[in-house]
Amino acid sequence: MSISKGLTEVLDASSWIRRMFEEGERLRAERGAENVFDFSLGNPILEPPARFREELRRLANDPAPGMHRYMPNAGYPETRAAIATYYARETGLSFAADDVLMTCGAAGGLNVVFKTILDPGDEVVVLSPYFVEYRFYVTNHGGRTVTVPTGPRFQLDAGRIAEAIGNRTKAVLVNSPNNPTGVVYPRADLAELGRVLVDASRRIGHPIFLVSDEPYRRIAYDGIEVPYLFDLYPDTILVTSHSKDLGLAGERIGMILASPRIPDRKTLVTGMIFANRTLGYVNAPALMQRIVARLQGESIDVAAYQAKRDRLLGALIEAGYDVVKPGGAFYLFPRSPIEDDVRFVRLLVEEGILVVPGRGFGTPGYFRISYAVADDVIERAIPGFRRGIERAK
Ligand SMILES: Cc1ncc(COP(=O)(O)O)c(C=O)c1O
């Protein structure tokens, strides 16, 4: 079939998550669905809050004329204004509706950002382990990713990032709480990154954008602080969505916020609105825009995710796994008990457990568990995780 050579290569090399999904289908057919424990997908398990359904009913029962038509490509002015007001209150900065662009999820938002800021050959620094789609979001728009490993316990290493920055660096992309590690970056490390980027921008003669991908911001545990980056570095762009915090991944509703401190943000936002239109998104889903305008600050029951984390983390540590305690999101990223993460993942498959090898996130020697699953799946999988590490010894 005549699809592009580039895409053919990418399809072959890329998707461990897809491979695990296919493996899962095979196992389910073989053993029955109830005996397969699928921790491979980051698909939110918690239903949206009751207020979401109330708003949905309200719109269905009392439809505004024209509410299914096209709208401005940036989104409804009332939605942008409501979101600007929310973030102004959260951050103390003077966000205006014009600083907000409604998008098709964070994925759509990141594509819009990269389409807007990248020229062919420009570089985006990404930190490994990384959300695997980042590479494609950058190459989609002619950019190149430059990978910088995180430090011990997956914390960001501003010194290494400084070394990776060159004349073609256009952006540094960070994600906290992080997929796949669950790590939350502390304020002091982010402040250090801000200082590094100020110096580096001066050195290379153009501003580097700090793109902060934050779809897990509200899924944070034990009262940990998830710092905003706006006051730590001026050229900051926040990209987020309600896929996880409201459990709306299938509804594709997200947004971009350009910092009021970006000197020429009008040009940036104008570019992003054009990109949103011409990438074919046109605008973010209309119904969802009306609903999330009224749900800023709401979230699913975070305590339920925290309980899942605590149960599984405790069981894994007890079984002998080496795993960093995550501060947020719904992932664990344990070290593979044997060097070859793919071999270990196959061993877990024999126990009916599906996880994703670390090399799928640019970090071999680990594996990712998504615990966005039902509590009984965690309970019934724990003996298999135990046997897995025993058999690996
Ligand atoms: C780190 C990260 N960024 C972005 C996305 C994309 O999310 P959305 O559904 O908002 O497009 C995901 C989805 O899993 C993610 O984990």
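Nothing here was measured: the structure is a model prediction, and the numbers come from that model.

Caption draft 1: Spotlight on the site of the ligand. In the neighbourhood of the ligand, 13 residues make up the surrounding shell, with Gly105, Ala106, Ala107, Ser241 and Ser243 lying closest. Here the shell around the ligand takes three residues from helix α5 (residues 105–117), the largest share from any one element. Split into classes, the residues belonging to the shell around the ligand amount to five nonpolar, seven polar and one charged.

Caption draft 2: Summary view of unusual backbone geometry. For the bond running from Ser128 to Pro129, omega is 0°, close enough to zero to count as cis. With respect to the helices, strands and loops of the structure, Pro129 is situated in the loop between β3 (123–128) and α6 (133–139). Pro180 follows Asn179 through a cis peptide bond whose omega is 20°. Within the element layout of this structure, Pro180 appears in the loop between β5 (169–175) and α8 (187–204). The phi angle at Arg153 is positive, at roughly 60°, despite the residue not being glycine. Among the secondary structure elements, Arg153 is positioned in the loop between β4 (144–149) and α7 (158–164). Take Arg153: there are 9 C-beta atoms within 10 Å of it, and that puts it in the exposed class. Its identity is not glycine, yet Phe154 carries a phi of approximately 65°, on the positive side. Within the secondary structure, Phe154 sits in the loop between β4 and α7.

Caption draft 3: View of the environment of Ile237. In this structure, Ile237 sits in strand β7 (residues 236–241). Exposure remark for Ile237: the 30 C-beta atoms within 10 Å place this residue in the buried category. Sequence separation between Ile237 and Gly105 is 132 residues, and the spatial gap between their C-alpha atoms is 15 Å. Excluding residues within four positions of it along the chain, Ile237 makes contact with Val113, Phe209, Val211, Ile256, Ala258 and Ser259.

Caption draft 4: Examining the packing of helix α12 (residues 341–350) against helix α13 (residues 375–392) more closely. Relative to each other, α12 and α13 sit at 135°, their axes nearing to 9 Å. The orientation of α12 with respect to α13, classified from their angle, is oblique. Between α12 and α13 lies a crossing whose hand is right-handed. Along its contact with α12, which presents Phe344, Leu347 and Leu348, the element α13 presents Gly384, Gly388, Arg391 and Ala392. Broken down by class, the residue content of the contact of α12 with α13 amounts to four nonpolar, two polar and one charged.

Caption draft 5: Spatial organisation of the domain arrangement of the protein chain. Here the domain parsing of the protein chain yields domain 1 (5–48 + 300–392) and domain 2 (65–292). Between domain 1 and domain 2, the C-alpha centre-to-centre distance is 27 Å. Those elements that place two or more of their residues in the side of domain 1 that touches domain 2 are α11 (302–319) and β9 (331–332). In terms of residues, the side of domain 1 that touches domain 2 owes the most to one element, α11, which gives four residues. Residues belonging to the side of domain 1 that touches domain 2 are distributed by class as follows: 15 nonpolar, 10 polar and three charged.

So, how was this worked out
- Residues numbered from 1 in each chain as written.
- Predicted model: local features only at pLDDT ≥ 70, side-chain atom pairs only at ≥ 80, totals over all residues.
- Near = placed C-beta within 6 Å.
- Helix = DSSP H or I, 4+ residues; strand = E, 2+ residues; numbered from the N terminus.
- Nonpolar A, V, L, I, M, F, W, Y, C, P; charged D, E, K, R; others polar.
- Buried ≥ 20, exposed ≤ 12 C-beta atoms within 10 Å, placed from the backbone.
- Contact = placed C-beta atoms within 7 Å.
- Axes fitted to C-alpha atoms, helices over the stretch in contact; angles between N-to-C directions.
- Parallel < 35°, antiparallel > 145°, perpendicular 65-115°, else oblique.
- Left-handed = near helix turned anticlockwise from the far one by under 90°.
- Domains from an automatic or database assignment.

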